[in-house]
Amino acid sequence: MDGKPIPSRGTAEVFRVFARELAVGCRSWDGKTSHFIADQFDQMAAEWDTTLATGRDEPLRDALDRGGPFPDGVCLELGSGTGLFTELLRSEFPRVISVDLSEQMLHQAVGRSPARVRADAAALPLTNAQVSAIAAIDMLLFPAEIVRVLAPDGVLLWINQLGEDGPLHLPTTDVADALPGDWQAVEANAGWGSWAVLRRSR
């Protein structure tokens, strides 16, 4: 598609391998890794919106239009960054909590994300079964923690802005297989990317 910002193939594949191994538990996530990622995004925060973000919301918009119905409750936006998609999530969910590792990313989100929390998605400061939805947009998958904080009837919105070309892309089947328990999904392509909405099987 014209204008699609395709990442370097070699670099993207390194990140995709990391994302897959992390999701299935073959790669550890420790304090050193967490600090490294936070530092990287802190450095990119000031120019994220103007030079680094895709600026495209088609996958999330399509997921919200066609992936419902959604439960009425709190949505946790993991890896929320500068809050580019928070307003769109707020059009569907009564309360959105934006979570990111990067303090500077969250600082850039002032005015977009009313509720912002700096936290590691591998150890969320939430009690069990507390949220109705989790939105993960170009995000690493932390399966055990997602299942822990998500209500029994909750949903996971898994969004890849660049689809298979994205550096953190995980196919929907891999996401469902990595999540503890039995999950079902609806999915589609939209714009440059793809989306899936996953729910526990009943």
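What you see is a predicted model, and the numbers here were worked out from it, not measured in a lab. (Residues numbered from 1 in each chain as written. Predicted model: local features only at pLDDT ≥ 70, side-chain atom pairs only at ≥ 80, totals over all residues. Heavy atoms only, no water.)

Colleague: Is there a simple way to think about the pattern of salt bridges in this case?
Modeller: Opposite charge on two side chains allows them to pair when their charged atoms are near. Tallied over the full model, the rule gives 6 salt bridges. Close ionic contact of R61 with D57 constitutes a salt bridge, the shortest N to O distance being 2.8 Å. Residue R61 is classed as partly exposed on the basis of its relative accessible area of 40%. (Salt bridge = Lys/Arg side-chain N within 4 Å of Asp/Glu carboxyl O. Buried < 20%, exposed > 50% of the residue type's maximum accessible area, 1.4 Å probe, protein only.)

Colleague: Mind showing me how you'd approach the environment of R116 here?
Modeller: Mapped onto the secondary structure, R116 falls in strand β3 (residues 116-118). Judged by its relative accessible area of 34%, R116 falls in the partly exposed class. Separated by 10 residues in the primary sequence, R116 and L106 place their C-alpha atoms 6.7 Å from one another. Non-local contacts of R116, meaning those with residues more than four positions away in its chain, are made with S98, L106, A109 and V110. Within the structure, the side chain of R116 is placed 2.6 Å from the backbone oxygen of S113, a separation counted as a polar contact. (Helix = DSSP H or I, 4+ residues; strand = E, 2+ residues; numbered from the N terminus. Contact = heavy atoms within 4.5 Å. Polar contact = N/O pair within 3.5 Å; in protein donor to acceptor, adjacent residues only side chain to side chain.)

Colleague: What's the story with the pairing of strand β5 (residues 150-160) in this structure? I'm lost.
Modeller: Regular strands place side chains that alternate from one sheet face to the opposite one. Across the 11 residues of β5, 9 count as buried, placing the element largely inside the fold. Direction of pairing for strand β4 (residues 131-137) relative to β5: parallel, over a ladder of 6 bridges. If you follow V131 over to β5, its bridge partner there is L150. A crossover connection joins β4 to the parallel β5 through helix α6 (residues 143-149); in handedness this β-α-β unit is right-handed. Alignment of β5 against strand β7 (residues 193-200), held across 6 bridges, turns out to be antiparallel. Each residue of the ladder has a partner; that of L157, found in β7, is V197. (Pairing = 2+ DSSP bridges. Right-handed = clockwise from strand over helix to strand, strands pointing away.)

Colleague: Sorry, what's going on with the sheet that holds β7 here?
Modeller: Sheets are built from strands paired through backbone hydrogen bonds, the pairs being either parallel or antiparallel. Here we have 7 strands laid out as an open sheet, ordered β3-β2-β1-β4-β5-β7-β6, and mixed in their pairing. Lying at the two open borders of the sheet, with one neighbouring strand each, are β3 and β6 (183-190). Taking the axes of each pair of neighbouring strands and ignoring which way they run, one obtains an average angle of 20° across the sheet. (Axes fitted to C-alpha atoms, helices over the stretch in contact; angles between N-to-C directions.)

Colleague: When you look at the nonpolar core in this model, what are you seeing that I'm missing?
Modeller: Judged by nonpolar contacts, the single largest core of 40 residues is most densely connected at L76, L78, I134, L141, L156, L179 and L198. Looking at this core element by element, the count peaks at 4 residues for helix α1 (residues 9-23). Not counting chain neighbours up to four residues away, the residues in contact with L78 comprise V99, A121, L124, I134, A135, A136, I137, M139 and I146. (Core = buried A, V, L, I, M, F, W, Y, C linked by side-chain atoms within 4.5 Å.)

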